[in-house]
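# Remarks on the overall topology
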Amino acid sequence: MKKVLSIVLALALLCVTFAACAGNGTSSTSSASEESSAVSSESSAESESSASSEESTSTEKTKIGILAPAVTHGWVAGVAYYAEQRCKELSDTVDYKLYTSNNAEEMTSQIDDLKSWGAEAIVAFPQWEGMEVPIQEAIDEGIVVVNFDIEIAADGVYRVSGDNESMGVEGAKYIVDKIGTTGKVVVLDVPTSGSVAELRKKGFLDTMKEIAPDMEIVEYATKFTREDGQADFADILTSNDHIDAVYSMDDETSIGVLQAISEANRDDIKVITGGGGCQEYFNMMKENENIWIESSLYSPLMVKDAVDMALDVLAGKDVEPVKIISTTVVDRDNVDEYLDPENTVY
């Protein structure tokens, strides 16, 4: 009996031993599994973080603000349009905001908005007086500012412009070529446009003084719109019974002038100049056989160069602070080269 009891006790002890060993093995395996899982999770997190960082770096875009006047003129509409087009062409690397404004106060507020947004560069078309201070402040805060067309007194500002003075030079040469060195020329000045009209008029008057000193020149003020051109020139026609040529600085103004001439049934005017590159104006060149219609090309497409200049400065490239794009004379003899039937803007 004792022998049987001993065998039973031995078997029970053996079972307990096996159970204990089995329990320890399961615990060890679970712990190793949990540790491996934690390492794998940490490695995955690091991998995801690294991928996220690389993605963030690769998709990081340059922030550019575009500031243009509200559209009161086809050419101004063209500036905003082509600036936005250029930013869209560079959409893989450029993020942009486009604002239009009606006055200096509004544009100044928009500069503040662009600062808050984090703009690294601003392409500005500041047509109003008083923009020197906010633009200088933006430059002082490290923002690259490229002015389009307008020259203002701000240290460190870049600028892309057509050759305004050359436009005046070419206009004077064109008129003299068509009517000779004597006659009566009406100059349509636009004092509200600042340096643009100042430079165009300077180029015209200086050249006239040199090549046609006996030319009679009469100045009147108007604006860069066809409505003002038409209304103002209707009054000018009433005050002048004979005019040989008109030095107009802008295609839109010239369209209004041509309308006034037509309505007054005047046939004394033989030449009218313009400036810009308006397709509607181009189409009038061949239609009016009795008057030479000229435009000194000053295309709003130049604003694309301003966007590119801003990016070059941010990239650390050696950039000249001022880029002047030469003018080209367009009239009935070469207008076919510049007609673009698909251009619905300017």
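Residues numbered from 1 in each chain as written. Predicted model: local features only at pLDDT ≥ 70, side-chain atom pairs only at ≥ 80, totals over all residues. Heavy atoms only, no water.

### Describing the overall build of the protein
Secondary structure assignment for the protein yields 10 helices and 14 strands. The buried share of the protein, reckoned over its 346 residues, is 43%. Summarising the internal contacts of the protein: among those between residues at least 6 apart in sequence, 72% fall at separations of at least 24. Total accessible area computed for the protein in this model is approximately 17,800 Å², and 49% of it derives from carbon and sulfur atoms. (Helix = DSSP H or I, 4+ residues; strand = E, 2+ residues; numbered from the N terminus. Buried < 20%, exposed > 50% of the residue type's maximum accessible area, 1.4 Å probe, protein only. Contact = heavy atoms within 4.5 Å. Areas by Shrake-Rupley, 256 points an atom, 1.4 Å probe, with all protein chains shown as cover.)

### Thoughts on the packing of helix α2 (residues 74-89) against helix α10 (residues 303-314)
Where α2 contacts α10, the two axes come as close as 8 Å, and the packing angle between them is 45 degrees. With respect to each other, α2 and α10 are oriented oblique. Between α2 and α10 lies a crossing whose hand is right-handed. For the pair α2 and α10, the contacting residues are V79, Y82, A83, Q85, R86, C87 and E89 in the first and V303, K304, V307 and D308 in the second. Residues of the contact of α2 with α10, tallied by class, amount to six nonpolar, one polar and four charged. (Axes fitted to C-alpha atoms, helices over the stretch in contact; angles between N-to-C directions. Parallel < 35°, antiparallel > 145°, perpendicular 65-115°, else oblique. Left-handed = near helix turned anticlockwise from the far one by under 90°. Nonpolar A, V, L, I, M, F, W, Y, C, P; charged D, E, K, R; others polar.)

### Focus on the sheet that holds strand β14 (residues 329-330)
Pairing in this open sheet of three strands is mixed, and the strands run β10-β12-β14 from one edge to the other. The open sheet terminates on both sides in strands that have one partner only, identified here as β10 (275-276) and β14. Relative to strand β12 (residues 295-297), β10 runs parallel, the two sharing two bridges. Looking at the pairing, G276 lines up with L297 of β12. (Pairing = 2+ DSSP bridges.)

### Observations concerning the confidence of the model for the protein
In the predicted model, the protein carries a mean pLDDT of 85, and 82% of its residues have values of at least 70. Confidence drops under pLDDT 50 across residues 1-58; counting only partners more than four residues distant or on other chains, this segment forms zero contacts. (pLDDT = per-residue confidence, 0-100.)

### A short note on the sheet that holds strand β8 (residues 245-248)
Taking strand neighbours across the sheet as the criterion, the five strands line up as β7-β6-β8-β9-β11 in an open arrangement whose pairing is parallel. With one partner strand each, in any of the chains shown, β7 (216-221) and β11 (292-293) form the two edges of the open sheet. As judged from the four bridges shared by strand β6 (residues 184-189) and β8, these two strands associate in the parallel manner. Considered in β8, the bridge of V187 is made with Y247.

### Considerations on the packing of aromatic side chains
Here the structure, examined in full by the defined rule, presents six aromatic pairs. Both rings, one in W75 and one in F148, keep their centres 5.9 Å apart while their planes meet at 15 degrees; by these two values the pair is stacked. Of this pair, W75 sits in helix α2 while F148 is found in strand β4 (residues 144-148), placing the two residues 73 residues apart along the sequence. Considered together, W75 and F148 belong to a single accessibility category, that of buried residues. Taking the centre distance of 4.1 Å and the plane angle of 10 degrees together, the rings of F204 and Y247 count as stacked. Here Y247 lies in strand β8 and F204 lies in helix α6 (residues 195-211), a separation of 43 residues in the sequence. (Phe/Tyr/Trp six-rings, centres within 6.5 Å; stacked < 30°, edge-to-face > 60°.)

### As for unusual backbone geometry
The phi dihedral of D149 falls on the positive side, at around 75 degrees, and the residue is not glycine. Residue position: D149 is located in the loop between β4 and β5 (158-162). The buried category is assigned to D149, whose relative accessible area is 4%. Of note in this structure, N265 is not a glycine but carries a positive phi near 55 degrees. Relative to the helices and strands, N265 resides in the loop between α8 (251-263) and β9 (271-272).

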